[in-house]
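Chain residues, written in single-letter form:
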2 protein chains.
Amino acid sequence: MTNLAKDEIIKRLQQAGIKPTTQRVMILDYLLRNLDHPSSEKIFQDLHSQDSVLSKATVYNTVNILLDKGLVAVLETGDEVAHYDVELHEHAHFQCHSCRKIWNVALPDMEVNNPSLPEGFISTGVQVLVKGYCVDCANSLQV
Amino acid sequence: MTNLAKDEIIKRLQQAGIKPTTQRVMILDYLLRNLDHPSSEKIFQDLHSQDSVLSKATVYNTVNILLDKGLVAVLETGDEVAHYDVELHEHAHFQCHSCRKIWNVALPDMEVNNPSLPEGFISTGVQVLVKGYCVDCANSLQV
DNA sequence: GTAGTTGCAAAGGATTTGCATTAAG
DNA sequence: CTTAATGCAAATCCTTTGCAACTAC
């Protein structure tokens, strides 16, 4: 599990031009320690229960700043909530229809970076989401 | 542009086990004529302005039924709204960061159907979303 | 009749926003 | 000091739900 020192986290924020306040460091630290694609609500709940100096609005604002500066990525799954990810190198996600958990999966070596876009279109990234059933749910549901 | 006769649409609904009411036929017809990935709100606005016999709840309910029966697919983009698509064969989508419009793009012939999932996991489908800038926005924004 | 569908308005849930307070350099 | 960030609550937007009225067999 990634476990960067506070100094490292502060440095990352500063390099991105984000003022490293207590709350922002907490949140980025949380994301680096929890690679299971938490939602803003989950981040808030977990951090707020440990340490009451944190509001929901701050979590949403901070996550949006981190997104904007490219320190995290967002994954839209069709759940009502957005899931965040600090893993920035290209990879795909798998989500279980039943338990809604998300896994990272390796992207096969494919030309997903060069889909046949119309002339003049510019790609900035590709999101690949595989849906299905995880092994536990597949077993218990007899899918 | 697809332009199925009402009879065809009714038949499709019946084959899926959906009672072909006036509103449901209207909505499926709309989706077949508008391949630009409309949202429920857009469907409601366009159909309601033509013909006032339609409520927002009916649009949401109907779209969910169509989804459930596999007559349409949903595309989650990270906008606050879901976009619907009657094109059911495998393809990718491109969305412009700037104008938010969505295009269908061909999936390169890749093994996206067989990503390396963990043992026992079952895939039921893959959603590929390419993000970037469309030609018009790229030009006007000098990206 | 009876079951299923519609419309309306209200509820629900995720996210954003306004503004007074507080913290950071 | 001065600017920016925080916390709180209210607001907003999308979507779902409850329920009474309606429609179609």
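Residues numbered from 1 in each chain as written. Chains lettered and ligands numbered in written order. Predicted model: local features only at pLDDT ≥ 70, side-chain atom pairs only at ≥ 80, totals over all residues. Heavy atoms only, no water.

Q: Please clarify how the overall build of chain A should be interpreted in this entry.
A: For chain A, the count of helices and strands is five helices and five strands. On the principal axes, the C-alpha backbone points of chain A span a range of 45 × 45 × 25 Å. Buried residues in chain A amount to 41% of all 143 residues. By sequence separation, contacts in chain A at least 24 residues apart represent 47% of the contacts at least 6 residues apart. When the accessible surface of chain A is split by element, carbon and sulfur atoms take 47% of a total near 7,600 Å². The average position of the 12 basic charges and that of the 18 acidic charges among the side chains of chain A differ by 8 Å. (Helix = DSSP H or I, 4+ residues; strand = E, 2+ residues; numbered from the N terminus. Buried < 20%, exposed > 50% of the residue type's maximum accessible area, 1.4 Å probe, protein only. Contact = heavy atoms within 4.5 Å. Areas by Shrake-Rupley, 256 points an atom, 1.4 Å probe, with all protein chains shown as cover. Lys, Arg positive; Asp, Glu negative; His and termini not counted. Charge placed at Lys NZ, Arg CZ, Asp CG, Glu CD.)

Q: Just checking my understanding: could you explain the protein's contact with DNA strand C for this structure?
A: Surrounding DNA strand C, one finds 17 residues, the nearest of these being Y60(A), T21(B), R24(B), S55(B) and T58(B). T58(B) is positioned such that a nitrogen or oxygen atom in its side chain is 2.7 Å from a phosphate oxygen of DNA strand C. Of all the elements in the fold, those that place two or more residues in the surface near DNA strand C are α4 (56–68) of chain A together with α2 (22–33) and α4 (56–68) of chain B. For the surface near DNA strand C, the element with the highest residue contribution is α4(A), accounting for four residues. Tallied by class, the residues present in the surface near DNA strand C amount to seven nonpolar, seven polar and three charged. (Near = heavy atom within 4 Å. Polar contact = N/O pair within 3.5 Å; in protein donor to acceptor, adjacent residues only side chain to side chain. Nonpolar A, V, L, I, M, F, W, Y, C, P; charged D, E, K, R; others polar.)

Q: Quick question: what am I supposed to make of the relation of the copies chain A and chain B here?
A: Relating one copy of the chain to the other requires a rotation about an axis plus a shift along that axis. The transform that puts chain A on chain B rotates by 179° and translates by 0.0 Å along the axis, for an RMSD of 0.2 Å. Seen this way, the second copy is the image of the first under a two-fold rotation axis. Every residue of chain A has its C-alpha some distance from the rotation axis, and the shortest such distance is that of V128(A), at 2.3 Å. In this assembly the copies share their binding face: 100% of the residues contributing to the interface of chain A also contribute to that of chain B. (Least-squares fit on C-alpha atoms with pLDDT ≥ 70 in both.)

Q: So what exactly am I meant to see when it comes to unusual backbone geometry here?
A: The residue R100(A) is not glycine, and still its phi comes out positive at about 70°. Tracing the chain through its elements places R100(A) in the loop between β3 (92–96) and β4 (102–105). Residue classification places R100(A) among the partly exposed residues on the basis of a relative accessible area of 30%. Despite not being glycine, H37(B) shows a phi value in the positive range, around 60°. Along the chain, H37(B) turns up in the loop between α2 and α3 (40–50). Taking the relative accessible area as the measure of exposure, H37(B) reaches 4% and is therefore buried.

Q: I keep staring at the pattern of salt bridges and nothing clicks. Help me out?
A: For side chains of opposite charge, pairing can occur when their charged atoms come near one another. If you walk through the whole model with that rule in mind, you get ten salt bridges over all chains. For E8(A), the salt bridge identified is with K11(A), shortest N-O distance 3.8 Å. Pair noted here: E8(A) and K11(A) are both in helix α1 (residues 6–15), with a separation of three residues, about one helical turn. Exposure remark for E8(A): the relative accessible area of 33% places this residue in the partly exposed category. Residue classification places K11(A) among the partly exposed positions, given a relative accessible area of 43%. For D79(B), the salt bridge is made with R100(B), and the minimal N-O distance between the two is 2.4 Å. In this pair, D79(B) is assigned in the loop between β1 (73–75) and β2 (83–85) and R100(B) in the loop between β3 (92–96) and β4 (102–105), connecting sequence segments 21 residues apart. (Salt bridge = Lys/Arg side-chain N within 4 Å of Asp/Glu carboxyl O.)

Q: Help me understand the pairing of β3(B), please; the structure alone is not making it clear to me.
A: A regular strand carries its side chains on alternate faces of the sheet. Residue and element names in this part refer to chain B. For β3, the buried fraction is high: five of the five residues fall into the buried class. The two faces of β3 match: A92, F94 and C96 on one face and H93 and Q95 on the other face are all buried. Of the strand pairs in this sheet, β3 and β4 are connected by four bridges, and their pairing is antiparallel. Of the residues in β4, the one forming a bridge with Q95 is I102. (Pairing = 2+ DSSP bridges.)

All quantities given are derived from atomic positions and should not be read as evidence of function.
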